[in-house]
Amino acid sequence: EPKTIGQRGAFIVIEGLDRAGKTTQVKRLCDKLYSQGHNIKTLRFPDRTSPIGKMIDSYLQSQTEMDDHVIHLLFSANRWEKAKWMEETLKKGCTIVCDRYYHSGMVYSAAKHNPNLSLDWARAPDVGLPKPDAVIFLDLEPEEAEKRGGYGDEKYEKKEMQQRVRELFYTFESDMKVVNAGESLEIVGDHILEKIEETLKDVLEGRSRVGKF
Ligand code: 2DT
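Below: a short report on this structure.

Parameters at a glance
- Residues numbered from 1 in each chain as written.
- Predicted model: local features only at pLDDT ≥ 70, side-chain atom pairs only at ≥ 80, totals over all residues.
- Core = buried A, V, L, I, M, F, W, Y, C linked by C-beta atoms within 7 Å.
- Buried ≥ 20, exposed ≤ 12 C-beta atoms within 10 Å, placed from the backbone.
- Helix = DSSP H or I, 4+ residues; strand = E, 2+ residues; numbered from the N terminus.
- Contact = placed C-beta atoms within 7 Å.
- Pairing = 2+ DSSP bridges.
- Axes fitted to C-alpha atoms, helices over the stretch in contact; angles between N-to-C directions.
- Parallel < 35°, antiparallel > 145°, perpendicular 65-115°, else oblique.
- Left-handed = near helix turned anticlockwise from the far one by under 90°.
- Nonpolar A, V, L, I, M, F, W, Y, C, P; charged D, E, K, R; others polar.

Turning next to the nonpolar core. One finds Ile12, Val97, Ile136 and Leu138 to be the most contacted residues of the largest nonpolar core, which totals 42 residues. Of all elements in the fold, only strand 1 (11-16), helix 1 (22-35), helix 3 (68-91), strand 3 (95-99), helix 4 (102-110), strand 5 (134-139), helix 7 (159-170) and helix 8 (185-204) reach the threshold of two or more residues within this core. Excluding its chain neighbours within four sequence positions, the residues that come into contact with Val97 are Ile12, Ile14, Val26, Leu29, Cys30, Ile40 and Thr42.

Structure below.
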């Protein structure tokens with residue numbers, strides 16, 4: 001018996017640094033919530049499958065150069081492409097677990113230290129998007145990321161960039177629930193569940209509406 005029938009679903013975002021294990025934890029969380037009877041949809045940003053997503057993918061793989069503002073707006077547009085679907089999905093009673101969202105959007109762009117691209121500027125295009133009920137931030141010490149085999153080849157996977165990204169994520173600490181991603185898979189998974197328990201209850205018992213950023 002799905003728990004979410006007749007109620008809206010919850011919107012859970014997993015944010016974090018590269019190598020923090022976001023994708024694995026999104027999968028584990030989906031499996032767990034599904035086994036508890038939730039209807040689940042999963043989503044990740046960037047969604048590289050749409051035409052805009054393909055442009056983002058090309059940029060991240062250094063195949064296309066773009067102005068910092070242009071790529072920022074594409075990342076935001078890539079979320080807006082999904083906004084209506086997200087609202088409808090939540091309304092139907094499906095819970096959404098999303099791998100990255102607008103915090104990544106703001107933080108990675110602002111970490112470039114472009115004097116014409118402030119955190120405030122970066123925030124504006126995302127204003128009005130569906131607001132998550134809970135944002136988990138999977139935090140990882142840079143040294144720990146290195147132990148895990150280091151970063152890949154994509155655009156932002158450089159040590160100094162990751163350090164700035166981490167600092168900027170912390171400016172949003174009050175919006176997020178921080179989980180230390182340096183622990184084992186199981187422990188990190190349990191901490192995530194603990195941190196969203198209250199939120200899920202509020203949503204399922206009809207005490208909370210979908211907000212807007
Ligand atoms: P993945 O490695 O998770 O596919 O992310 N990014 C992401 C941005 O710069 N802005 C955004 O709005 C989003 C959603 C973070 C690919 C990279 O894209 C960055 C890492």
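Overall, parallel pairing links the five strands, which are arranged 2-3-1-5-6 in an open sheet. Each edge of the sheet is formed by a strand with only one pairing partner; in this case those strands are strand 2 (40-44) and strand 6 (177-180). Ignoring which end each strand starts from, the neighbouring axes of this sheet average 20° apart. Of the pairings in the sheet, the one linking strand 5 to strand 6 comprises four bridges and is parallel in character. Among the inter-strand pairings, Phe137 is bridged to a residue of strand 6, identified as Val178. Running at roughly 145° to strand 3, helix 3 makes contact with strand 1, strand 2 and strand 3 of the sheet.

Here we come to the packing of helix 4 against helix 7. Between helix 4 and helix 7, the least distance of the axes is 9 Å, while the angle of their chain directions is 130°. Classified by the angle their axes make, helix 4 and helix 7 are oblique. Note that helix 4 runs across helix 7; the crossing there is right-handed. In contact with His103, Val107, Tyr108 and Ala110 of helix 4, helix 7 contributes Val165, Leu168 and Phe169. Per-class residue counts for the contact of helix 4 with helix 7 are six nonpolar, one polar and no charged.

Fair warning: the whole summary comes from geometry, so function is off the table for now.
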